[in-house]
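A closer look at the structure
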Amino acid sequence: MSRIGICIAGLNGAVASTLVAGVCLMRRGLATPVAMISERYRQSHQLAGLDDLIITGWDPRGETLYESALRHRVLEPHRLHPIAKELAGLRPLGGKGSVAAAIDKFRRAHRLDTVIVLNLIPTGENAASAQYARAAHETGSPFINFTPNNCGESKLTAIPYAGRDGKTGQTWLKSVLAPAFRARDLRVTGWYSTNLLGNEDGKVVGHPVKGRQKIRDKSKLLAPMLGYDPFHLVQINYFPPRGDTKESWDYLDLEGFLGLPMQIRISAQYRDSILAAPMCLDLVRFIELAHRQRATGPQTWLSLFFKAPYGTKTHGFSKQEQMLVEHLDACRPTL
Ligand SMILES: NC(=O)c1ccc[n+]([C@@H]2O[C@H](COP(=O)([O-])OP(=O)(O)OC[C@H]3O[C@@H](n4cnc5c(N)ncnc54)[C@H](O)[C@@H]3O)[C@@H](O)[C@H]2O)c1
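Residues numbered from 1 in each chain as written. Predicted model: local features only at pLDDT ≥ 70, side-chain atom pairs only at ≥ 80, totals over all residues.

1. With respect to the nonpolar core
If you look at the biggest cluster of nonpolar residues, it comprises 69 residues, and the most contacted ones within it are L118, C280 and L283. Counting residues per element, this core draws most heavily on helix α11 (residues 272–292), at twelve residues. Grouped together as the second largest cluster of nonpolar side chains are seven residues, A178, W191, L221 and M225 included. (Core = buried A, V, L, I, M, F, W, Y, C linked by C-beta atoms within 7 Å. Buried ≥ 20, exposed ≤ 12 C-beta atoms within 10 Å, placed from the backbone. Helix = DSSP H or I, 4+ residues; strand = E, 2+ residues; numbered from the N terminus.)

Below is the structure:
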């Protein structure tokens, strides 16, 4: 079986620490792989097992993963207790030397077949994101950009890559509903979306300037799915008491037969990192498959994971799911 390394930029973040804790819990049989699409394809496509994954990464915070997981409070301390030792043994790599050299060293030290670079740094950190993308390219490592940041992706010609900006909760549901309204020819006259988010990411994306790219990613996809541009307002508000348990409200005005108005209201309580972490694991497994099959450039079949997918304008979730299924059917490895 292949040994797969994951280098995470933003290792002490909420998503990264939830991902690492999730892998440790699942390895010990203390959690099951719920919400992971890749599980369905594990056998048929020889996708990486959880025991095949070796994780490292960078973060200026320099905390152990146990400290990060406790700080983010995504999982209760009693859930972390059985894996405390493993988490306490993992700390970000030091800042000395180039990112590319660190990737190569990690690959050699653990005799890895593939190293995947996963970008999970804060919104607005474009230059640093581009630096991680470049290092991935230099070292022949597939690259995943789960952030809204610009990574200079057009230069990543020799590796498979996927991004941008994980489509986890509210925008995912929007991409399920909008094509359905279009199919029924119900006219959306207005769509107001608001979010209350209290984690570190919420602090950044709730900022009027730093959060601009995220608002753009959340706003731009509605018109292509509906075929017209309704009044669409998206807001993100930093609200610390909510923590990682984000609240989103959607108010939709619709026009039906004879011009009569209707309304739909959606109130959702998601968990930001609990949605994002399994998607990142799916992406790691799928991009490793792409790399094994010598694919390069944007992996459009992974568009269902992203708000602003590279290389395709398809945003509707069911079409994106079809792209994934058709791709995986067509590239089933022969055993
Ligand atoms: N959680 C979700 O549902 C979701 C959805 C879509 C996109 N995202 C994106 O994923 C990213 C991570 O989210 P999060 O909630 O874990 O954020 P977070 O703020 O908890 O974590 C980001 C981490 O990156 C570290 N960091 C900052 N600069 C760095 C650098 N140059 N190199 C390495 N590390 C650096 C920070 O110290 C922090 O620990 C964000 O960009 C967010 O917008 C998250």
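And the narrative resumes.
2. Quick look at the domain arrangement of the protein
Split into domains, the protein comes out as domain 1 (4–166 + 273–330) and domain 2 (170–269). Contacts between the two partners involve 18 residues from domain 1 and, on the opposite side, 23 residues from domain 2. Of the residues contributing to the side of domain 1 that touches domain 2, the split by class is six nonpolar, eight polar and four charged. (Domains from an automatic or database assignment. Contact = placed C-beta atoms within 7 Å. Nonpolar A, V, L, I, M, F, W, Y, C, P; charged D, E, K, R; others polar.)

3. Thoughts on the site of the ligand
Every one of the 31 residues lining the ligand counts as a neighbour, but G10, G13, T147, G166 and E200 are closest to it. Breaking the shell around the ligand down by element, the ones donating at least two residues are α1 (14–27), α8 (200–205) and α11. Per-element accounting of the shell around the ligand gives the leading share, four residues, to α11. Here the residues of the shell around the ligand are counted per class, giving 15 nonpolar, nine polar and seven charged. Here the shell around the ligand spans two domains, since at least three of its residues come from each of domain 1 (4–166 + 273–330) and domain 2 (170–269). (Near = placed C-beta within 6 Å.)

4. Here we look at the pairing of strand β8 (residues 247–255)
As defined by bridge partners, strand β6 (residues 187–197) adjoins β8 across nine bridges and the pair is classed as antiparallel. Its bridge partner lying in β8, S193 is registered against D250. Turn length for the β8-strand β9 (residues 261–269) hairpin, with the two strands adjacent in sequence and antiparallel, is five residues, and the turn residue L258 shows positive phi of about 65°. (Pairing = 2+ DSSP bridges.)

5. What to know about the packing of helix α5 (residues 99–109) against helix α6 (residues 126–138)
Two elements in contact, α5 and α6, have axes whose closest approach is 8 Å; the angle formed by their N-to-C orientations is 50°. One way to sum up the angle between α5 and α6 is to call them oblique. Our pair here, α5 against α6, has a crossing hand that is right-handed. Contacts between α5 and α6 involve V99, A100 and I103 from the first element and Q131, Y132, A135 and E138 from the second. (Axes fitted to C-alpha atoms, helices over the stretch in contact; angles between N-to-C directions. Parallel < 35°, antiparallel > 145°, perpendicular 65-115°, else oblique. Left-handed = near helix turned anticlockwise from the far one by under 90°.)

6. Notes on the environment of L328
The topology assignment puts L328 in helix α12 (residues 317–330). Each C-alpha atom of the pair L328 and P224 lies 26 Å from the other, and the pair is 104 residues apart in sequence. Apart from the residues within four sequence positions on either side, L328 is in contact with Y41 and H45.

7. Points about the packing of α1 against α11
Remark: α1 packs on α11, axes separated minimally by 8 Å, with the N-to-C direction vectors making an angle of 65°. In this structure, α1 meets α11 at a crossing whose hand is right-handed. Only D272, S273, I274, A276, A277, C280 and L281 of α11 make contact with α1, whose side of the interface consists of A14, V15, T18, L19 and G22. For the contact of α1 with α11, the class distribution of residues is eight nonpolar, three polar and one charged.

8. Observations regarding α6
Look at α6: 18 Å from first C-alpha to last across 13 residues, which is about the 18 Å you get at 1.5 Å a residue. Buried residues of α6: S129, Y132, A133, A135, A136 and H137, and no others. In the segment just after α6, G140 is the residue with positive phi, at about 65°. (Expected span 1.5 Å × (residues − 1).)

9. Describing the sheet that holds strand β3 (residues 114–119)
Spatially, β2-β1-β3-β4-β5-β10 is the arrangement adopted by the six strands of the open sheet, whose pairing is parallel. The open sheet terminates on both sides in strands that have one partner only, identified here as β2 (53–58) and β10 (297–298). Bridging between strand β1 (residues 4–9) and β3 involves six bridges; their strand directions are parallel. For A9, the partnering residue across the bridge sits in β3 and is N119. Along the sheet, α6 makes contact with β1, β3 and β4 (143–145), crossing β3 at roughly 170°.

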